Amino acid sequence: MSATLLDGQAIARTIRAEVKERVAALLQRDRPAPKLAAVLIGDNPASEAYVGMKSKACGWVGIQSETYRLPAETSQRDAEGLIERLNRDETVTGILVQHPLPSHLNEIEVLARIHPSKDVDGISRSSLGALVNGESGFVSCTPLGIVELLDRYGIDLKGKRAVVVGRSIILGKPVALLMLNRHATVTICHSRTINLADVIREADILVAAVGRAEMISGEMIKPGAVVVDAGYNRVPGRTGDVGDVHFESAKEVASYITPVPGGVGPMTIAMLLSNTVLAAERS
Ligand code: NDP
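Residues numbered from 1 in each chain as written. Predicted model: local features only at pLDDT ≥ 70, side-chain atom pairs only at ≥ 80, totals over all residues. Heavy atoms only, no water.

Time to look at the overall build of the protein. Within the protein, the secondary structure is distributed over ten helices and eleven strands. Its C-alpha atoms give the protein a radius of gyration of 19 Å, near enough to 19 Å, the size a compact globule of 283 residues would have. Based on the C-alpha atoms only, the size of the protein along its principal axes is roughly 50 × 45 × 40 Å. Classification of the 283 residues of the protein by burial places 48% in the buried group. Contacts spanning at least 24 positions in sequence make up 72% of the contacts within the protein whose residues lie at least 6 apart. Of the roughly 13200 Å² that the protein leaves accessible, carbon and sulfur atoms contribute 52%. Each charge sign in the protein was given a centre, from 31 positive and 32 negative side chains, and these centres are 2 Å apart. (Helix = DSSP H or I, 4+ residues; strand = E, 2+ residues; numbered from the N terminus. Rg over C-alpha atoms; globule rule 2.2 N^0.38 Å. Buried < 20%, exposed > 50% of the residue type's maximum accessible area, 1.4 Å probe, protein only. Contact = heavy atoms within 4.5 Å. Areas by Shrake-Rupley, 256 points an atom, 1.4 Å probe, with all protein chains shown as cover. Lys, Arg positive; Asp, Glu negative; His and termini not counted. Charge placed at Lys NZ, Arg CZ, Asp CG, Glu CD.)

So, in structure tokens, the structure goes:
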């Protein structure tokens, strides 16, 4: 068997076109254009690159964006002060704090300052709490992108056995909750899980969110499973990124599979755009 590709690149393109229309509809009603404020603290080159990609994507769909840079030695008070200022700024409809922050800062407390109506990245404690409670709020972009991708391919989660490998706040836990809310039976695995391969083999829907290159191979996957690989890993001596799943062996067993790159990654940015226009529509 050779699995059908879950083409995040193509679906993200469709979502961008939809977001662009929603932005145009806001402008037609004389509403201000949505604006994303990206907060970049320190000089991590990867963070710089991610914020650059997000700003560029905003430009494609008519969302304004502005990057607010603070030096690596910024104090907790100044970081939180900037968030408070952006909360009060009526021209800003969405706020994104690029992860990770320098280690001396308490990231959870910085994120907690973001007003829920502007938390388009969905990882503050209030947004995560809303997800647990099943209330409307913003959902973290990568988990939302994964579920959206499955939806767009008509993959129903109801009653399915879903296994998520990884339990981070930005990815593993929220994607598990989203799938639970759609009536999947969900198991979350992590570094202390015993007999990981046996648990993975039970999955009708497998989400890999670990950060270990190709640790899940085809023989660990149930025939016909849907495989979503969120991992992005640099491997010395190889060009480009590789996922957490060994694509070549997995695609022979799975029914659907995301490529890396071109699967979950583009969906993450598409969901940030979608959340940002939603924030403006709600404001
Ligand atoms: P974290 O490092 O925060 O979490 C990794 C998780 O994997 C942890 O829960 C950890 O368990 C678990 N884990 C580590 N080793 C093993 C193992 N051997 N067996 C089982 N579980 C293990 O990573 P993130 O959630 O931030 O990211 C995960 C991957 O997703 C990375 O490759 C990252 O680059 C990628 N990513 C992709 C995005 C996208 O847009 N496509 C966005 C965000 C991340 P424990 O909790 O016990 O330590």
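A word on the environment of Ile155. Within the secondary structure, Ile155 is located in the loop between α6 (141–152) and β5 (161–165). In this structure the C-alpha to C-alpha distance between Ile155 and Tyr256, which are 101 residues apart in sequence, comes to 9.5 Å. When neighbours within four sequence positions are excluded, Ile155 is seen to be in contact with Leu6, Leu150, Ile205, Val226 and Tyr256.

Before going further, it helps to examine the pairing of strand β8 (residues 226–229). Residue alternation in β8 divides its side chains into two sets, Val226 and Val228 and Val227 and Asp229, and both sets are buried. Note: strand β7 (residues 205–208) against β8, four bridges, orientation parallel. For Val207, the partnering residue across the bridge sits in β8 and is Val228. Where β8 lies against strand β11 (residues 256–257), two bridges are found, and the strand directions are parallel. Counterpart to Val227 in the pairing with β11 is Ile257. (Pairing = 2+ DSSP bridges.)

This brings us to the pattern of salt bridges. A pair can form between side chains of opposite charge whenever their charged atoms are brought close. Taken as a whole and judged by the stated rule, the model has 16 salt bridges. For Arg113, the salt bridge is made with Glu80, and the minimal N-O distance between the two is 2.9 Å. One end of the pair, Arg113, is in the loop between α4 (107–112) and α5 (125–133); the other, Glu80, is in helix α3 (residues 76–88), with 33 residues separating them in the sequence. On the basis of relative accessible area, Arg113 is assigned to the partly exposed category, the value being 30%. Residue Glu80 is classed as buried on the basis of its relative accessible area of 14%. Counted as one network, the salt bridges with shared partners bring together Glu18, Glu148 and Arg152. (Salt bridge = Lys/Arg side-chain N within 4 Å of Asp/Glu carboxyl O.)

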